[in-house]
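# A look at the structure
Listed below, chain by chain, are the residues.
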Amino acid sequence: MSHQPARASVIDDLMRAGRETSRLSMVFRYAIAERLGLTVSDLECLDYLADVGSASAGQVAERTNLTTGAVTSMLRRLQQAGYVTAERDPADRRRLIVALRPERMAELQRPYERFAERAERLVEGYSVEEVTLLVRHYDRMQAMYLAELDSLRGGDTAQRTA
């Protein structure tokens, strides 16, 4: 007896669950941004800076998929609102280095607290092997997203004809 139909069905279920999780994640991000009086791009920028500590304006542009002009406006707005600092890179005065203001971290984390607690309880029920599998899956998905973004940014014609 072949397991192909069962495998195909469970893979379809996984893809459907992934799409729904992605959609709900975006809706959740929009709701959090709205609660904080920010745009989703602002929130993505602040989350990125929380992860990396500091970054150049160009890195923020790449990570948020915004033009450098849009990032300049966003960073100016976030700086005026007191969320970030922006200073010239001493090694290259043309580069702007942006960092999240540490005193604003708690304010940005507050809307996520209940979700984080629930996610932690969910993961407590998983074995180390299951969590390791999930981490590997997310790492691979991130690599795929980055590859697809590179392709889309480069105008890959194979994507348009496929």
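Residues numbered from 1 in each chain as written. Predicted model: local features only at pLDDT ≥ 70, side-chain atom pairs only at ≥ 80, totals over all residues. Heavy atoms only, no water.

Glancing now at the overall build of the chain. Summing up its helical and strand segments, the chain has eight helices and three strands in all. When the helices and strands of the chain are listed from N to C terminus, the series reads α-α-β-α-α-β-β-α-α-α-α. On C-alpha atoms alone, the chain measures out to a radius of gyration of 19 Å, which is more than a quarter above the 15 Å that the 2.2 N^0.38 rule sets for 162 residues. When the backbone C-alpha atoms are referred to their principal axes, the chain occupies close to 65 × 45 × 30 Å. Put simply, the chain has 162 residues, and 20% of those count as buried. (Helix = DSSP H or I, 4+ residues; strand = E, 2+ residues; numbered from the N terminus. Rg over C-alpha atoms; globule rule 2.2 N^0.38 Å. Buried < 20%, exposed > 50% of the residue type's maximum accessible area, 1.4 Å probe, protein only.)

Take a positive patch on the surface next. Taken together, the side chains of Arg35, Arg114, Arg118 and Arg121 define a basic patch exposed on the protein surface. The greatest single-element share of the positive patch, amounting to three residues, is contributed by helix α6 (residues 113-124). Assignment of secondary structure puts Arg35 in helix α1 (residues 4-36). (Patch = residues over 30% accessible without salt bridge, like charges linked within 9 Å, V, L, I, M, F, W, Y side chains within 5 Å. Areas by Shrake-Rupley, 256 points an atom, 1.4 Å probe, with all protein chains shown as cover. Salt bridge = Lys/Arg side-chain N within 4 Å of Asp/Glu carboxyl O. Lys, Arg positive; Asp, Glu negative; His and termini not counted. Charge placed at Lys NZ, Arg CZ, Asp CG, Glu CD.)

The subject of this paragraph is the pattern of salt bridges. One pass over the full model with this rule turns up nine salt bridges. We note a salt bridge from Asp92 to Arg94, for which the minimum N-O separation is 3.0 Å. For Arg104, the salt bridge is made with Glu107, and the minimal N-O distance between the two is 2.7 Å. Judged by relative accessible area, Arg104 falls into the buried class, the value being 17%. For Glu107, a relative accessible area of 27% puts it in the partly exposed group.

With a phi close to 60 degrees, Asn65 is a non-glycine residue in the positive phi region. Residue Asn65 is classed as partly exposed on the basis of its relative accessible area of 48%.

Attention now goes to the sheet that holds strand β2 (residues 84-89). Pairing in this open sheet of three strands is antiparallel, and the strands run β1-β3-β2 from one edge to the other. The outermost strands of the open sheet, each flanked by one partner alone, are β1 (54-56) and β2. Averaged over all pairs of adjacent strands, the angle between their axes in this sheet comes to 30 degrees, without regard to strand direction. Strand contacts of helix α3 (residues 57-64): β1 and β3 (92-100), with the helix running at about 90 degrees to β1, the strand carrying the most contacts. (Pairing = 2+ DSSP bridges. Axes fitted to C-alpha atoms, helices over the stretch in contact; angles between N-to-C directions. Contact = heavy atoms within 4.5 Å.)

A separate point is helix α2 (residues 40-52). The terminal C-alpha atoms of α2, which comprises 13 residues, lie 18 Å apart, in line with the 18 Å expected from a rise of 1.5 Å per residue. Residues of α2 that are buried include every one of Val40, Asp42, Leu43, Cys45, Leu46, Tyr48 and Leu49, and no others. Phi turns positive one or two residues past the end of α2, at Gly53, with a value near 95 degrees. (Expected span 1.5 Å × (residues − 1).)

Mean pLDDT for the chain: 90, with 94% of residues reaching 70 or above. Per-residue pLDDT, averaged within each element of the chain, yields its smallest value for helix α8 (residues 157-161) (47) and its largest for α6 (96). (pLDDT = per-residue confidence, 0-100.)

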